[in-house]
Amino acid sequence: MLQINYIRENRDRVLERLAVRNFKTPELVDEVIALDERRRQLQSEADALAAEANAAARQIGELMRQGKRDEAEVIKQRSAGYKEQQRQLTEQQAAAEAALHDKLVLLPNLPHDSVPHGAGAEDNEIVFEHGVRPELAEAALPHWELAAKYDIIDFELGTKVTGSGFPVYKGKGARLQRALINFFLDRADQAGYREMQPPILINAASGFGTGQLPDKEG
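All of the points below concern the structure found in this document.

What counts, and where the lines are drawn
- Residues numbered from 1 in each chain as written.
- Predicted model: local features only at pLDDT ≥ 70, side-chain atom pairs only at ≥ 80, totals over all residues.
- Heavy atoms only, no water.
- Helix = DSSP H or I, 4+ residues; strand = E, 2+ residues; numbered from the N terminus.
- Buried < 20%, exposed > 50% of the residue type's maximum accessible area, 1.4 Å probe, protein only.
- Contact = heavy atoms within 4.5 Å.
- Polar contact = N/O pair within 3.5 Å; in protein donor to acceptor, adjacent residues only side chain to side chain.
- Patch = residues over 30% accessible without salt bridge, like charges linked within 9 Å, V, L, I, M, F, W, Y side chains within 5 Å.
- Areas by Shrake-Rupley, 256 points an atom, 1.4 Å probe, with all protein chains shown as cover.
- Salt bridge = Lys/Arg side-chain N within 4 Å of Asp/Glu carboxyl O.
- Core = buried A, V, L, I, M, F, W, Y, C linked by side-chain atoms within 4.5 Å.
- Phe/Tyr/Trp six-rings, centres within 6.5 Å; stacked < 30°, edge-to-face > 60°.
- Axes fitted to C-alpha atoms, helices over the stretch in contact; angles between N-to-C directions.
- Parallel < 35°, antiparallel > 145°, perpendicular 65-115°, else oblique.
- Left-handed = near helix turned anticlockwise from the far one by under 90°.

**A few points about the environment of Gln 86**
- Structurally, the position occupied by Gln 86 is in helix α5 (residues 82-104).
- By relative accessible area, which is 27% here, Gln 86 ends up partly exposed.
- Counting along the chain gives 37 residues from Gln 86 to Leu 49, while the straight-line C-alpha distance between them is 7.2 Å.
- Residues within four places of Gln 86 in sequence aside, it is in contact with Leu 49, Ala 50 and Ala 53.

**As for the side chain of Gln 93**
- Turning to its location among the elements, Gln 93 is positioned in helix α5.
- A distance of 2.8 Å separates the side chain of Gln 93 from the side chain of Gln 43, its partner in a polar contact.
- Sequence-distant contacts of Gln 93, defined by excluding residues within four places in its chain, comprise Leu 42, Gln 43 and Ala 46.

**Things to note about a nonpolar patch on the surface**
- On the surface, Leu 176, Leu 180, Phe 183 and Phe 184 cluster together into a nonpolar patch covering about 400 Å² of accessible area.
- For Leu 176, the position within the fold is in helix α8 (residues 172-190).

**Description of the nonpolar core**
- If you look at the biggest cluster of nonpolar residues, it comprises 13 residues, and the most contacted ones within it are Ile 7, Leu 18, Val 29, Val 32 and Leu 107.
- With 4 residues, helix α3 (residues 27-65) is the single largest residue contributor to this core.
- Contact partners of Val 29, with chain neighbours within four places excluded, come to Ile 7, Arg 11, Val 14, Leu 15, Leu 18 and Leu 107.
- Judged by nonpolar contacts, the second largest core, of 12 residues, contains Leu 49, Ala 56, Ala 72 and Ala 96.

**As for unusual backbone geometry**
- Despite not being glycine, Asn 22 has its phi angle at roughly 55°, a positive value.
- Its place among the elements puts Asn 22 in the loop between α2 (11-20) and α3.
- Positive phi outside glycine occurs at Asp 151, with the angle close to 55°.
- Examined against the element boundaries, Asp 151 turns out to sit in the loop between α6 (143-149) and β1 (153-154).
- Residue classification places Asp 151 among the partly exposed residues on the basis of a relative accessible area of 44%.

**A closer look at the pattern of salt bridges**
- Within the structure shown, the criterion is met by 15 salt bridges.
- For Arg 40, the salt bridge goes to Glu 37, with nearest N and O atoms at 3.5 Å. Taken as a pair, Arg 40 and Glu 37 lie in helix α3 at a separation of 3 residues, close to a single helical turn.
- Relative accessible area serves as the criterion here: at 37%, Arg 40 is assigned to the partly exposed category.
- Classification of Glu 37 by relative accessible area gives partly exposed; the value is 39%.
- Via salt bridges that share partners, Arg 8, Asp 36, Arg 39 and Glu 97 belong to a single interconnected network.

**Describing the packing of aromatic side chains**
- Enumeration according to the criterion identifies 1 aromatic pair in this entry.
- Ring geometry for Phe 183 against Phe 184: centres 5.1 Å apart, planes inclined by 70°, an arrangement best described as edge-to-face.
- For Phe 183, a relative accessible area of 40% translates into the label partly exposed.
- Phe 184 gets classed as exposed once you look at its relative accessible area, which sits at 53%.

**A look at the packing of α2 against α3**
- For the pair α2 and α3, the least separation of the axes is 10 Å and the interaxial angle reads 150°. The orientation of α2 relative to α3 falls into the category roughly antiparallel. Helix-helix and strand crossings are classified by hand; for α2 and α3 the assignment is right-handed. Touching Arg 11, Val 14, Leu 15 and Leu 18 of α2 are Val 29, Asp 30 and Ile 33, all from α3.

See below:
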């Protein structure tokens, strides 16, 4: 997800790169910036109100210590609405934060500067080719039909579980996927990169990552 600070400080560049990927609703950028301005304004108002409330509380305490109860009561009545104002500002801030988040998640990541403008795969630039391109027979099946025929990839199940673009690899398909991962990791190692395994965090509600094993029957 794009960071709001980057969007605010680089509005024109964000619009330019979104145009490269033919993003259909560029007006979201200005909506995000406006919501961020609203959020920051509410935060500023909340901070100023909190400062006033704290100052009034200190002043009331000092007047009470000096025995000036009447003056303290005047300030107390004048500041009686601070709590309600703070509650309202807190609600408005929460609403602004939620609205900002809902808009931000609709903005895709920006393509790299090397990515050309194009409407489809035919506009892609060929950077490098390796090996000999095979000549396929006229009756050759596309990869998605081959995957279904040999029951090695389940695109529909992947869509149900995660969304489009994330298939479920099955049987030999899963083994092929794992072999390809190992192959590219080995190639990266040969190129001088160092393989790392960071910690993997899983939702504690699943029972993993909390020191507890899930129920075998669950």
